[in-house]
Amino acid sequence: MKNLFLNDVVPTTKIDLPFQHGIELFVRREDLLHPEVSGNKFRKLKYNVEAAVGQGYKQLLTFGGAYSNHIAATAAAGRILGIQTIGVIRGEEIAACYLDNPTLKKATEDGMRFKFVTRTEYRTKDSAVFLRQLEEEFGHFYLVPEGGTNEEAIKGTEEILQEGDATYDYVCCAVGTGGTIAGIINSSFAHQIIMGFPVLKGDFLQEEIKKYAAKENWMLQTDYHFGGYAKYNADLLDFIREFKQKTGILLDPIYTGKLLFGIFDLIKQGQFKNNSKILAIHTGGLQGWNEKIK
Ligand SMILES: Cc1ncc(COP(=O)(O)O)c(C=O)c1O
C-alpha cells in the first residue's frame with residue numbers, strides 16, 4: 001500500500017513583524033504536510049488508517065457537515081490508499097444539490113459514497129441502533145468519529161510537536177473537538193503553556209480535552225470564536241488578507257484565522273510573558289478558501 005503518511009516533517013516560518021513586548025512568533029506549517037490530506041487531518045487519519053488496514057477493513061465510514069475538512073481529507077486519503085470511504089453528512093436537504101458543494105463534489109470524485117441524514121438523526125450517530133443500520137446498508141466498516149478524534153487520532157496529534165520545540169514558551173492551536181490540542185498537550189514540555197482557541201461557543205470543550213490530555217499545562221482563550229462555528233466578520237477577513245500579504249501564509253476564517261487573530265490581539269494586550277517565543281500550529285483546512293480569500 002502506498003504510504004501517504006511517510007513524510008511528516010514540515011517547516012516552521014518566523015513571522016517577521018514588529019511585535020510588542022519582545023515577543024517572537026513562529027508558525028508550524030502543518031498545512032504543507034500534503035496537498036489534500038493536510039494539517040491535523042493528516043495526523044488524525046494516520047493511525048486510524050493503519051488500524052483499519054491492519055484489522056483487514058476494506059472501508060472507512062465517518063461523519064461531518066457539508067463543508068467538513070475531515071470529510072474532504074478522508075475521501076482523498078481513501079482514493080490515494082485504495083480504501084473505500086463513506087461519509088454520513090448532516091442535512092438531508094443537501095442530497096438534492098450536493099454536487100454544487102465544492103467539498104462534496106471533490107469527495108465524490110475521490111470515490112466517497114454518501115448518506116445524507118436529518119439533523120435529528122445525526123444527533124443519534126453514536127448510538128448502536130444507528131450504527132447497525134449503517135452496517136446493514138454499507139457492510140462492515142472501520143468507524144472514524146466526527147472530526148476524526150479518538151485514541152488513534154491522539155497518537156497522531158502527539159507527533160505535531162518535536163524534540164527541538166522545547167525552545168517555545170507557548171504553543172497555540174485552534175480547537176474544534178479538542179483532539180488536536182490534546183495530542184499537543186501530551187507531547188509538550190513541562191515549562192510550556194499550551195493555549196487553545198475554540199472556534200465555537202460552549203463550555204463542553206474542557207471536559208472533551210481532559211478525556212485525552214495527560215497534563216495540566218494548558219488553557220483556553222474563549223473570546224475568539226466570532227459568534228460560533230463558521231461565523232466570521234469583516235475584521236477577521238481583513239486580518240486574514242493582511243496576514244497573507246505580509247507573510248505569504250494563507251489562513252481560513254473557520255480555524256486558523258481565528259487562532260492568529262487571537263494571538264495578535266493577546267500580544268497587543270500584553271497577555272504573553274515579555275520576550276517569549278510563541279509557536280502557532282497551522283492546522284491546514286484550506287480546501288475551498290484558496291480562491292475566496294485574495
Ligand atoms: C483546519 C482545522 N484546524 C483545527 C481543527 C480543530 O481540531 P480538533 O477538532 O482536533 O480540535 C480542525 C477541526 O477539525 C480543522 O479542520
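Quick note: structure is the one above.
Conventions we followed
- Residues numbered from 1 in each chain as written.
- Predicted model: local features only at pLDDT ≥ 70, side-chain atom pairs only at ≥ 80, totals over all residues.
- Heavy atoms only, no water.
- Helix = DSSP H or I, 4+ residues; strand = E, 2+ residues; numbered from the N terminus.
- Buried < 20%, exposed > 50% of the residue type's maximum accessible area, 1.4 Å probe, protein only.
- Polar contact = N/O pair within 3.5 Å; in protein donor to acceptor, adjacent residues only side chain to side chain.
- Contact = heavy atoms within 4.5 Å.
- Phe/Tyr/Trp six-rings, centres within 6.5 Å; stacked < 30°, edge-to-face > 60°.
- Expected span 1.5 Å × (residues − 1).
- Bend = angle between axes of the 7 residues up to and from the residue.
- Core = buried A, V, L, I, M, F, W, Y, C linked by side-chain atoms within 4.5 Å.
- Pairing = 2+ DSSP bridges.
- Lys, Arg positive; Asp, Glu negative; His and termini not counted.
- Salt bridge = Lys/Arg side-chain N within 4 Å of Asp/Glu carboxyl O.
- Near = heavy atom within 4 Å.
- Areas by Shrake-Rupley, 256 points an atom, 1.4 Å probe, with all protein chains shown as cover.
- Nonpolar A, V, L, I, M, F, W, Y, C, P; charged D, E, K, R; others polar.
- Axes fitted to C-alpha atoms, helices over the stretch in contact; angles between N-to-C directions.

Novice: Explain the side chain of Ser68 here, please?
Specialist: When you line up the elements, Ser68 lands in the loop between strand 3 (59-64) and helix 2 (69-81). Classification of Ser68 by relative accessible area gives buried; the value is 12%. A polar contact is formed between the side chain of Ser68 and the backbone nitrogen of His70, at a distance of 3.1 Å. Those residues in contact with Ser68, other than ones at most four positions away along the chain, are Thr103 and Gln287.

Novice: Honestly, the packing of aromatic side chains in this entry has me stumped. Any pointers?
Specialist: Here the distance between the centres and the angle between the planes together describe a pair of aromatic rings. Counted under the stated rule, the structure contains 16 aromatic pairs. Centre to centre, the rings of Phe63 and Tyr122 are 6.3 Å apart; their planes meet at 85°, and the pair counts as edge-to-face. In this pair, Phe63 sits in strand 3 while Tyr122 sits in helix 4 (residues 119-123), placing the two residues 59 residues apart along the sequence. Taken individually, Phe63 and Tyr122 each receive the classification buried, so the pair is uniform in this respect. Summarising the aromatic geometry, the rings of Phe226 and Phe261 are spaced 5.0 Å apart at their centres and angled 85° between planes, so their arrangement reads as edge-to-face.

Novice: Is there a simple way to explain the environment of Asp265 in this structure?
Specialist: Along the polypeptide, Asp265 turns up in helix 10 (residues 256-268). Each C-alpha atom of the pair Asp265 and Tyr224 lies 9.6 Å from the other, and the pair is 41 residues apart in sequence. Within polar-contact distance, the side chain of Asp265 engages the side chain of Tyr224 at 2.7 Å.

Novice: I keep staring at helix 1 (residues 39-54) and nothing clicks. Help me out?
Specialist: Note: α-helices contain 3.6 residues per turn, so residues at a spacing of three or four share the same orientation. When the terminal C-alpha atoms of helix 1 are compared, their 24 Å separation across 16 residues agrees well with the 22 Å that a helix rising 1.5 Å per residue should span. At Leu45, helix 1 shows its largest bend, some 30°. Of the residues flanking the end of helix 1, it is Gly56, one or two places downstream, whose phi is positive at about 80°.

Novice: What should I look at first to understand the nonpolar core in this one?
Specialist: One broad rule of soluble globular proteins: the nonpolar side chains tend to lie buried together. In this structure, Leu25, Cys172, Phe243, Leu260, Ile263, Phe272 and Ile278 are the most contacted members of the largest nonpolar core, which totals 28 residues. The set of elements that each furnish at least two residues to this core consists of strand 2 (24-28), strand 7 (170-175), strand 8 (193-198), helix 9 (234-247), helix 10 and strand 10 (277-281). Examining the composition of this core, we find that 6 residues originate from one element, helix 10, more than from any other. Setting aside residues up to four positions removed in sequence, Ile278 forms contacts with Ile23, Glu24, Leu25, Phe26, Tyr168, Tyr170, Cys172, Ile263, Ile267 and Phe272.

Novice: Sorry, what's going on with the pairing of strand 5 (residues 113-117) here?
Specialist: Remark: a regular strand shows side chains that alternate across the two faces of the sheet. Two elements, strand 4 (residues 84-90) and strand 5, share 5 bridges in a ladder whose sense is parallel. By the bridge assignment for strand 5, Ile89 is matched with Phe116.

Novice: So what exactly am I meant to see when it comes to the side chain of Lys44 here?
Specialist: Relative to the assigned elements, Lys44 resides in helix 1. Comment: no salt bridge for buried Lys44; closest opposite-charge side chain is Glu208, at 10.0 Å. Other than its neighbours up to four places away in sequence, Lys44 contacts Gly147, Gly148, Thr149, Ala153, Thr157, Thr177, Gly179 and Thr180.

Novice: What is the right way to look at the site of the ligand in this model?
Specialist: Around the ligand sit 15 residues, and of these Lys41, Lys44, Gly176, Thr177 and Thr283 come closest. One of the side-chain nitrogen or oxygen atoms of Asn40 is found 3.0 Å away from an oxygen atom of the ligand. Note that an oxygen atom of the ligand is positioned 2.5 Å from one of the side-chain N or O atoms of Lys41. For the ligand, whose unbound accessible area comes to 390 Å², protein coverage reaches 97%. In terms of residue count, helix 1 provides more of the shell around the ligand than any other element does, 3 residues in total. When the residues that make up the shell around the ligand are grouped by side-chain class, the tally is 3 nonpolar, 10 polar and 2 charged.

Novice: Whenever I open this one, the sheet that holds strand 9 (residues 218-220) confuses me. Can you help?
Specialist: Consider a sheet: its strands pair through backbone hydrogen bonds, and that pairing is either parallel or antiparallel. Spatially, the 6 strands line up as an open sheet ordered 1-2-10-7-8-9, and their pairing is mixed. With one partner strand each, in any of the chains shown, strand 1 (12-14) and strand 9 form the two edges of the open sheet. The sheet shows a mean angle of 25° between the axes of neighbouring strands, direction not considered. Here strand 8 runs beside strand 9; their pairing, made up of 3 bridges, is parallel. When the sheet's bridge partners are listed, Gly196 is paired in strand 9 with Leu220.

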